[in-house]
Amino acid sequence: MKDDIVSFFHEKQCSAECEMLEETEWHSDFAFFTDLLCHMNNLNVKMQGKNQFIDDIWAHLKAFKLKLNLFAGQLAKNDLSHFSRLNSIPSVNEEKLKNYEDVLKKLHFEFERRFQDFSAIQTELDIFTMPFNVNCEAVRSDL
């Protein structure tokens, strides 16, 4: 649809928008954030629905935080396997990849900060997810 959008902007004489759509850096930014939003949308969908227990939601969050670390590590190695739209852009700038890696690290930090309450009650959640792996002596008596 990019060509159609560019022709629309040409018809409306919006040269600034046309120039922006033709920049490769803008394309790579757009592709990266589109891929990232797809991953976040998948997390969002997994966390919705009926009959979800808190430990299920926490497991999805922990898995996503691990994915963010994986993605950042892969971008550091120029591996774009989890970013299909970004991978379709020819010759993505290495400096851009470093910026994207930093974005993923910041997002991981933000997930850690926002969901620190879950980390604080990890042992209580473990009682429900892995009851046979929990030391009974260390569990609160009301649980």
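Preceding this paragraph is the structure being described.
Residues numbered from 1 in each chain as written. Predicted model: local features only at pLDDT ≥ 70, side-chain atom pairs only at ≥ 80, totals over all residues. Heavy atoms only, no water.

Q: How should helix 3 (residues 24–47) be read in this particular structure?
A: Turn by turn, an α-helix covers 3.6 residues, leaving residues three or four places apart pointing in a common direction. Compared with the 34 Å implied by 1.5 Å per residue over 24 residues, the 35 Å span of helix 3 between its first and last C-alpha is a close match. Buried residues of helix 3: His27, Ser28, Ala31, Phe32, Asp35, Leu36, His39 and Leu43, and no others. (Helix = DSSP H or I, 4+ residues; strand = E, 2+ residues; numbered from the N terminus. Expected span 1.5 Å × (residues − 1). Buried < 20%, exposed > 50% of the residue type's maximum accessible area, 1.4 Å probe, protein only.)

Q: So what exactly am I meant to see when it comes to the pattern of salt bridges here?
A: In a structure, side chains of opposite charge can pair up when their charged atoms sit close to one another. According to the stated counting rule, one finds eight salt bridges in the structure shown. With a closest N to O distance of 2.9 Å, Asp29 and Lys96 form a salt bridge. Here Asp29, found in helix 3, pairs with Lys96, found in helix 6 (residues 94–114); they are 67 residues apart in sequence, far enough to count as distant. Overall, the relative accessible area of 23% leaves Asp29 in the partly exposed class. Linking Lys98 and Asp102 is a salt bridge whose minimum nitrogen-to-oxygen distance equals 3.4 Å. With a gap of four residues between them, Lys98 and Asp102 both fall in helix 6, about one helical turn apart. You can call Lys98 partly exposed: its relative accessible area is 41%. (Salt bridge = Lys/Arg side-chain N within 4 Å of Asp/Glu carboxyl O.)

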